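Structure at a glance
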Amino acid sequence: MSKNLEITVGQLASRSGVAVSTLHFYESKGLIRSRRTAGNQRRFTRDTLRRIAFIRVSQRVGIPLRTIQDALSALPDERTPTRDDWASLSEAWRSELDDRIRQLQRLRDGLTECIGCGCLSLDRCALANPDDVAAVRGPGSRLMVVPRRDCAPDPVCENPDRKAVGA
């Protein structure tokens, strides 16, 4: 590869605004790739800058690194994502983000109610789980689990594929 098409890890960090340690982490997770010179120094292609921008934007909107890694590895020849790739992936991630928003809204509303009671009393506060009645439904904050879409807004009707808030 032509030397003017490659950049060092320091140049990549400077241009992307990402710490060298983060770049090493991304590389260890397979999110970016480098080649090694004869002197064992990392060299990255310039399109790695766009790949890092894709990773950072995805993280900012709450997409887990594992999901980002899966998306990047699904691209043909592990190429850098294009605008069309981003549109397709963001559409696929939309329902997951909508679910998280609903879960956070339930958490917020529960906290407001809890703070509103003034004392976190066990007989009124849904977050305190009086008498540990939700223990039979598994570990974690079972009262804050996102209900399945086909259920009434009853905390007993849970989505088993989702983790509880605080679990």
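Here we take up the overall build of the chain. Assigned secondary structure in the chain consists of 5 helices and 3 strands. Ordered by position in the sequence, the α and β elements of the chain form the string β-α-α-β-β-α-α-α. Here the chain holds 167 residues, and the buried ones make up 29% of them. Within the chain, counting contacts between residues at least 6 apart in sequence, those at least 24 apart form 49% of the total.

This part is about the packing of helix α3 (residues 48-60) against helix α4 (residues 65-73). Between α3 and α4, whose axes approach to 10 Å, the crossing angle comes to 140°. In this view, α3 runs oblique relative to α4, as classed from their interaxial angle. Relative to α4, α3 is oriented so that their crossing is right-handed. Here Arg51, Phe54, Ile55, Ser58 and Gln59 of α3 lie close against α4, whose contacting residues are Leu65, Ile68 and Leu72. Grouping the constituent residues of the contact of α3 with α4 by class yields 5 nonpolar, 2 polar and 1 charged.

Following the sequence through the fold, Ser16 ends up in helix α1 (residues 9-16). You can call Ser16 partly exposed: its relative accessible area is 22%. Taking C-alpha positions, Ser16 is 7.1 Å from Ile52, a pair spaced 36 residues apart along the chain. Setting aside chain neighbours within four positions, we find Ser16 in contact with Leu23, Leu49 and Ile52.

Turning our attention to the nonpolar core. Leu12, Leu23, Ile32 and Ile68 are the most contacted members of the largest nonpolar core, which totals 21 residues. Of all elements in the fold, only α1, α2 (20-28), α3, α4 and α5 (83-116) reach the threshold of two or more residues within this core. For this core, the element with the most residues is α3, which contributes 4 residues. Every residue in contact with Leu23, bar those within four places of it in the chain, is listed here: Val9, Leu12, Ala13, Ser16, Val18, Ile32 and Ile52.

What follows deals with the pattern of salt bridges. Counted by the stated rule, this structure contains 5 salt bridges. Taking the shortest distance from any N to any O, the salt bridge between Arg100 and Glu96 comes out at 2.5 Å. Within this pair, Arg100 and its partner Glu96 are both found in helix α5, separated by 4 residues, close to a single helical turn. A relative accessible area of 25% places Arg100 in the partly exposed class.

Reading the values: the criteria
Residues numbered from 1 in each chain as written. Predicted model: local features only at pLDDT ≥ 70, side-chain atom pairs only at ≥ 80, totals over all residues. Heavy atoms only, no water. Helix = DSSP H or I, 4+ residues; strand = E, 2+ residues; numbered from the N terminus. Buried < 20%, exposed > 50% of the residue type's maximum accessible area, 1.4 Å probe, protein only. Contact = heavy atoms within 4.5 Å. Axes fitted to C-alpha atoms, helices over the stretch in contact; angles between N-to-C directions. Parallel < 35°, antiparallel > 145°, perpendicular 65-115°, else oblique. Left-handed = near helix turned anticlockwise from the far one by under 90°. Nonpolar A, V, L, I, M, F, W, Y, C, P; charged D, E, K, R; others polar. Core = buried A, V, L, I, M, F, W, Y, C linked by side-chain atoms within 4.5 Å. Salt bridge = Lys/Arg side-chain N within 4 Å of Asp/Glu carboxyl O.

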